[in-house]
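# Understanding the architecture of this molecule
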Amino acid sequence: MGEHVEADNAEAIITRIEHKSRKIESLLKQYKPVEALKTALEGSPPKTRDERCKSANWIVVHSALMAIKDVDLMFSSLDPEYYDILMKYLYRGLSTGDRPTCDQCLRIHEKLTQRAGLGCILRALSDTVNTV
């Protein structure tokens, strides 16, 4: 019974992620990459252990991350409440091994560490419950 409830929950989460994805695409078409990133990070990570949900959410966050051209401008309008979850997604991006993704994640990581400090890194790496 527990797996069925999780499966139903996963489908609901996937539906929300698809809705979020459409909103992000719209924001990116309007040249609002920071708003797209904020939208992508909201409600992350999904409250599930289902890897399909985590992967679907990563795809949404990745598209927003890759649209960021000016990292300093991004941080001028990104609230600190997003820093810890952003750090988690940066590490997920680095784990892909994809060169453009890693390059972008490293650029953002450098600025994020300057702003948020080493505590942000420690929180991202030590939180094994809310993984992305």
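This write-up is about the structure you can find in this document. (Residues numbered from 1 in each chain as written. Predicted model: local features only at pLDDT ≥ 70, side-chain atom pairs only at ≥ 80, totals over all residues. Heavy atoms only, no water.)

### Quick notes on the side chain of Thr113
Looking at where Thr113 falls in the secondary structure, it is placed in helix α6 (residues 99-116). At 2.8 Å, the side chain of Thr113 and the backbone oxygen of His109 are in polar contact. Setting aside residues up to four positions removed in sequence, Thr113 forms contacts with Met87, Leu118 and Ile121. (Helix = DSSP H or I, 4+ residues; strand = E, 2+ residues; numbered from the N terminus. Polar contact = N/O pair within 3.5 Å; in protein donor to acceptor, adjacent residues only side chain to side chain. Contact = heavy atoms within 4.5 Å.)

### So, the packing of helix α5 (residues 83-95) against helix α7 (residues 118-126)
Describing two packed helices takes the angle between their axes plus the distance from one axis to the other. Following both chains from N to C, one finds α5 and α7 inclined at 65 degrees, their axes separated by 9 Å at the closest point. The handedness of the crossing between α5 and α7 is right-handed. Residues Tyr83, Asp84, Met87, Lys88 and Tyr91 of α5 pack against Cys120, Ile121, Arg123, Ala124 and Leu125 of α7. Residue classes in the contact of α5 with α7 are distributed as 7 nonpolar, no polar and 3 charged. (Axes fitted to C-alpha atoms, helices over the stretch in contact; angles between N-to-C directions. Left-handed = near helix turned anticlockwise from the far one by under 90°. Nonpolar A, V, L, I, M, F, W, Y, C, P; charged D, E, K, R; others polar.)

### Thoughts on the environment of Ala10
Here Ala10 lies in helix α1 (residues 2-29). C-alpha separation for the pair Ala10 and Arg49, spaced 39 residues apart in sequence, amounts to 8.9 Å. Not counting the four nearest positions on each side in its chain, Ala10 is found in contact with Asp50, Arg52 and Cys53.

### Let's talk about the packing of helix α2 (residues 33-41) against helix α3 (residues 51-67)
Closest axis-to-axis distance for the α2/α3 pair is 8 Å, and the angle between their directions is 160 degrees. Relative to α3, the element α2 is oriented roughly antiparallel. Here α2 runs over α3; the crossing is left-handed. Between α2 and α3, the contacting residues are Pro33, Ala36, Leu37, Ala40 and Leu41 on the first element and Asn57, Val60, Val61, Ala64, Leu65 and Ala67 on the second. (Parallel < 35°, antiparallel > 145°, perpendicular 65-115°, else oblique.)

### Considering the layout of surface pockets
Estimates place the volume of the largest pocket at around 200 Å³. Lining the largest pocket, in full, are Ile13, Arg16, Ile17, His19, Lys20, Lys23, Glu42, Gly43, Pro46, Lys47 and Asn57. Ranked by the residues each element gives to the lining of the largest pocket, the list is headed by α1, at 6 residues. Its residues assigned to classes, the lining of the largest pocket comprises 3 nonpolar, 3 polar and 5 charged. (1 Å grid on protein atoms, 1.4 Å probe; cavity = no way out; pocket = protein on both sides within 12 Å on 5 of 7 lines; lining within 4 Å. Points joined across faces, edges and corners; volume = space filled by probe spheres on them.)

### Comments concerning the packing of aromatic side chains
The full count for this structure, using the stated rule, is 2 aromatic pairs. An angle of 10 degrees between the planes, with centres 6.2 Å apart, marks the rings of Trp58 and Tyr89 as stacked. Of the two residues, Trp58 sits in helix α3 while Tyr89 sits in helix α5, which places them 31 residues apart along the sequence. Both rings, one in Phe75 and one in Tyr83, keep their centres 5.7 Å apart while their planes meet at 80 degrees; by these two values the pair is edge-to-face. Given the relative accessible area of 9%, Tyr83 is considered buried. (Phe/Tyr/Trp six-rings, centres within 6.5 Å; stacked < 30°, edge-to-face > 60°. Buried < 20%, exposed > 50% of the residue type's maximum accessible area, 1.4 Å probe, protein only.)

Interpretation note: all reported values are geometric properties and have no functional meaning in isolation.
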